[in-house]
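Working through the structure, step by step
One letter stands for each residue in the lines below.
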Amino acid sequence: MDELKLTIPEAQELLLLSQSSVYSWIDKGKLQSAETPGGKVIVISRKEAEEIRNFNMKSRRNKVARQVLQKNIKDEFEAESPVINAEILENDGSESTQKASQDVTLQLISRIEELAVEAGRFKQLEILRNEEKENVKFWQEKYHELNLELKKKDLEINALKVQIQELKGQKSILNFFKKH
């Protein structure tokens, strides 16, 4: 078994948990820890760590995961910016052009970051809307099932009422013959 020994900060970063969540999970027994001279270490298998990280990446409520995603998006765009700079600087080697190209690059990076954040928000909205549609569909199906069940019960009640009326009719006929 491939076992990892992580400090609390390493566990936070790898598992996408806050510090308080790491300690809470230790207290609840969800994470195993060991005391070392340097402090607590989390002892966890690679597979379990990957499962927890993947789960937390998918969780919309996990603030740490959202921060990591935003940081990754920002890092990707910053990594691409030298390419943009190099392409712009090929046009003219003058100092004013370089300054202008850097300004344009910074503006582009800023706009790309804004668009990435907006895209993330739209993706979250899309996920929420899909969940809402699934919930609406579920409750509509439940409503129709219950409505059908109610109609069946109404039919049963009406059948019982008819039987009661028939029994009353038979009883009144018997009483009539008893009297005569």
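Residues numbered from 1 in each chain as written. Predicted model: local features only at pLDDT ≥ 70, side-chain atom pairs only at ≥ 80, totals over all residues. Heavy atoms only, no water.

1. Details of the packing of aromatic side chains
With the rule as written, the count across this model stands at one aromatic pair. Taking NZ or CZ as reference, Lys30 lies 5.1 Å from the ring centre of Trp25, over its face. (Phe/Tyr/Trp six-rings, centres within 6.5 Å; stacked < 30°, edge-to-face > 60°. Lys NZ or Arg CZ within 6 Å of the ring centre and 35° of its normal.)

2. Observations regarding the confidence of the model for the chain
When pLDDT is averaged along the chain, the result is 80, and 77% of the positions lie at 70 or above. Across residues 81-91, where pLDDT falls below 50, the model places twelve contacts with residues more than four positions away in sequence or in other chains. (pLDDT = per-residue confidence, 0-100. Contact = heavy atoms within 4.5 Å.)

3. Quick look at the pairing of strand 1 (residues 3-7)
Only one face of strand 1 is buried, namely the one carrying Leu4 and Leu6, since none of Glu3, Lys5 and Thr7 on the opposite face is buried. As judged from the five bridges shared by strand 1 and strand 3 (residues 39-45), these two strands associate in the antiparallel manner. Considered in strand 3, the bridge of Thr7 is made with Val41. (Buried < 20%, exposed > 50% of the residue type's maximum accessible area, 1.4 Å probe, protein only. Helix = DSSP H or I, 4+ residues; strand = E, 2+ residues; numbered from the N terminus. Pairing = 2+ DSSP bridges.)

4. Some thoughts on the pairing of strand 3
Pairing geometry for strand 2 (residues 32-36) and strand 3, over five bridges, is antiparallel. Across the sheet, Thr36 pairs through a bridge with Gly39, a residue of strand 3.

5. Topic: the pattern of salt bridges
For the structure shown, the criterion picks out four salt bridges. We note a salt bridge from Asp2 to Arg46, for which the minimum N-O separation is 2.3 Å. A residue pair is termed long-range when its members are at least 10 positions apart, and Asp2 in the segment before strand 1 and Arg46 in helix 3 (residues 46-58) qualify at 44 residues. Judged by its relative accessible area of 40%, Arg46 falls in the partly exposed class. (Salt bridge = Lys/Arg side-chain N within 4 Å of Asp/Glu carboxyl O.)

6. What to know about the environment of Leu6
As for its position among the elements, Leu6 is in strand 1. Along the primary structure Leu6 and Val41 are separated by 35 residues, whereas in three dimensions their C-alpha atoms are 5.2 Å apart. Not counting residues within four places of it along the chain, the set of residues in contact with Leu6 comprises Ala11, Leu14, Lys40, Val41, Ile42 and Ile44.

7. Thoughts on the packing of helix 1 (residues 8-15) against helix 3
When two helices pack together, their arrangement is given by the angle between their axes and by how far apart the axes lie. For the pair helix 1 and helix 3, the least separation of the axes is 8 Å and the interaxial angle reads 55 degrees. In terms of axis orientation, helix 1 runs oblique to helix 3. On helix 3, the residues touching Glu13, Leu14 and Leu15 of helix 1 are Ala49, Ile52, Arg53 and Asn56. Tallied by class, the residues present in the contact of helix 1 with helix 3 amount to four nonpolar, one polar and two charged. (Axes fitted to C-alpha atoms, helices over the stretch in contact; angles between N-to-C directions. Parallel < 35°, antiparallel > 145°, perpendicular 65-115°, else oblique. Nonpolar A, V, L, I, M, F, W, Y, C, P; charged D, E, K, R; others polar.)

8. Some thoughts on the sheet that holds strand 3
Pairing is antiparallel across the open sheet formed by three strands, whose spatial order is 1-3-2. Each edge of the open sheet carries a strand with a single partner, namely strand 1 and strand 2. Direction aside, neighbouring strands of the sheet carry axes that sit 35 degrees apart on average. On the sheet, helix 1 packs against strand 1 and strand 3 and is oriented at approximately 115 degrees with respect to strand 1.

9. A look at the nonpolar core
Formed by 14 residues in total, the largest nonpolar core has its most connected members in Leu15, Val22, Leu31, Ile42 and Ile44. Residue assignment for this core shows that the elements contributing at least two residues are strand 1, helix 1, helix 2 (19-28), strand 3 and helix 3. Once residues within four sequence positions are removed from consideration, Val22 is found in contact with Ile8, Gln12, Leu17, Leu31 and Ile42. (Core = buried A, V, L, I, M, F, W, Y, C linked by side-chain atoms within 4.5 Å.)

10. Topic: unusual backbone geometry
Backbone geometry at Leu16 places phi at a positive 60 degrees, although glycine is not the residue there. Mapping Leu16 onto the fold places it in the loop between helix 1 and helix 2.

11. Thoughts on helix 3
In this model helix 3 runs 18 Å from its N-terminal to its C-terminal C-alpha over 13 residues, within 8% of the 18 Å that 1.5 Å per residue would give. Within the span of helix 3, buried status applies to Ala49, Ile52 and Asn56. Angular distribution of buried residues about the axis of helix 3 spans 65 degrees; they occupy a single face of the element. For helix 3, the exposed residues lying more than 90 degrees away from the buried face are Lys47, Glu50, Phe55 and Lys58. (Expected span 1.5 Å × (residues − 1). Arc of directions from axis to C-beta.)

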